[in-house]
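Residue strings, one per chain:
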Amino acid sequence: MTREQYLKSSKATRCKYLFMRHPLTMLCGYVFVFQYGMCLYPSLTKLREHYDGLLAFLLHILLAVGITWFFGWSALLLTLIIPHSIASAIGSYLFYAQHNFPSVSFSDNAGWTYDKAALESSSFMTTGPIMAWFTANIGYHHIHHLNSRIPFYRLPEVVAAIPELQTPKTTSLHPLEILRCLRLKVWDPEANRMVGARDI
């Protein structure tokens, strides 16, 4: 939302918007982002288009029931709930931070272009080689938005080969950078930057 849209919204809409962007919501990404946001909500709103979301949710429930039935609650926690919770929390934050970071910029319809949006509204997240491997080079998010057909393992080659892509807007997993990203809530077109709740 822009600052103006936020201020004109109802209290319920504001609460929902801030809830979706709250750090605890990302921490509980397994429930709010994966189960509800990616599986249930799309299939409940447009079942014909998103039947696969409902199928994923039902298979997930069946798997949980099967693990509990045959191996018990401790197995469910150790093999499904804890690993999915950790992965979903990390994934929720990574996605959030690559579109909500201090140097991000957005354009209205008049100034919007596909290339500009890809390079200025999504970031390059600097990570070490181990994190890059575990996240399938998610740090190259700006290149993914530029061309989503490039396989994850070729993304570093693309950046190395094209000089125009070598000075992207960046973010990182440094704790101070994480705090800066989490504070950002709405886009302020007048200030030309994302602002936090105190600045709204």
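Undergrad: Could you give an account of the layout of surface pockets, naming the residues involved and the relevant values?
TA: By volume, the largest pocket amounts to about 640 Å³. Forming the walls of the largest pocket are 19 residues, and the residues nearest its centre are Met-20, Phe-32, Val-33, Gly-37 and Phe-95. Broken down by secondary-structure element, the contributors of at least two residues to the lining of the largest pocket are α2 (11-20), α3 (23-27), α4 (29-45) and α6 (73-97). Among the elements that line the lining of the largest pocket, the one with the most residues is α4, at six residues. For the lining of the largest pocket, the residue count by class is 11 nonpolar, six polar and two charged.

Undergrad: Account for the packing of aromatic side chains, naming residues and giving values.
TA: Following the criterion strictly, the structure yields nine aromatic pairs and no others. Plain terms: the ring middles of Tyr-36 and Tyr-41 are 5.8 Å apart, the flat faces sit at 50° to each other, and that makes the pair tilted. Ring plane angle 85° and centroid distance 5.4 Å describe the contact between Phe-152 and Tyr-153, whose orientation is recorded as edge-to-face. For the cation-ring pair, Arg-14 lies above Tyr-6, with the distance from its terminal atom to the ring centre recorded as 5.1 Å.

Undergrad: Can you explain the side chain of Ser-88? Please cite residues and give values.
TA: With respect to the helices and strands, the residue Ser-88 is situated in helix α6. A polar side-chain atom of Ser-88 sits 2.8 Å from the main-chain carbonyl oxygen of His-84. Other than its neighbours up to four places away in sequence, Ser-88 contacts Met-26, Gly-29, Tyr-30 and Phe-34.

Undergrad: I'd like to hear about the pairing of strand β4 (residues 193-196), residue by residue, with values.
TA: Note: strand β3 (residues 184-188) against β4, four bridges, orientation antiparallel. Following the sheet pairing, Trp-187 is matched in β4 by Met-194. Hairpin geometry of β3 and β4 is characterised by an intervening segment of four residues between the two adjacent antiparallel strands and by a positive phi of about 60° at Asn-192.

Undergrad: Quick rundown of α4? Include the residues and the values.
TA: Between the first and last C-alpha of α4 there are merely 20 Å, a value that for 17 residues lags more than 12% behind the 24 Å anticipated at 1.5 Å per step. Within α4 the residues assigned to the buried category are Gly-29, Tyr-30, Gln-35, Cys-39, Pro-42 and Ser-43. On its buried face, α4 sits against α3, α5 (51-71) and α6.

Undergrad: Any details on the environment of Thr-68? Residues and values, ideally.
TA: As for its position among the elements, Thr-68 is in helix α5. What makes Thr-68 partly exposed here is its relative accessible area of 21%. Here the alpha-carbon distance between Thr-68 and Pro-156, two residues 88 residues apart in the chain, equals 42 Å. Polar side-chain contacts of Thr-68 include one of 2.8 Å to the backbone oxygen of Ala-64.

Cut-off values and rules
- Residues numbered from 1 in each chain as written.
- Predicted model: local features only at pLDDT ≥ 70, side-chain atom pairs only at ≥ 80, totals over all residues.
- Heavy atoms only, no water.
- 1 Å grid on protein atoms, 1.4 Å probe; cavity = no way out; pocket = protein on both sides within 12 Å on 5 of 7 lines; lining within 4 Å.
- Points joined across faces, edges and corners; volume = space filled by probe spheres on them.
- Helix = DSSP H or I, 4+ residues; strand = E, 2+ residues; numbered from the N terminus.
- Nonpolar A, V, L, I, M, F, W, Y, C, P; charged D, E, K, R; others polar.
- Phe/Tyr/Trp six-rings, centres within 6.5 Å; stacked < 30°, edge-to-face > 60°.
- Lys NZ or Arg CZ within 6 Å of the ring centre and 35° of its normal.
- Polar contact = N/O pair within 3.5 Å; in protein donor to acceptor, adjacent residues only side chain to side chain.
- Contact = heavy atoms within 4.5 Å.
- Pairing = 2+ DSSP bridges.
- Expected span 1.5 Å × (residues − 1).
- Buried < 20%, exposed > 50% of the residue type's maximum accessible area, 1.4 Å probe, protein only.

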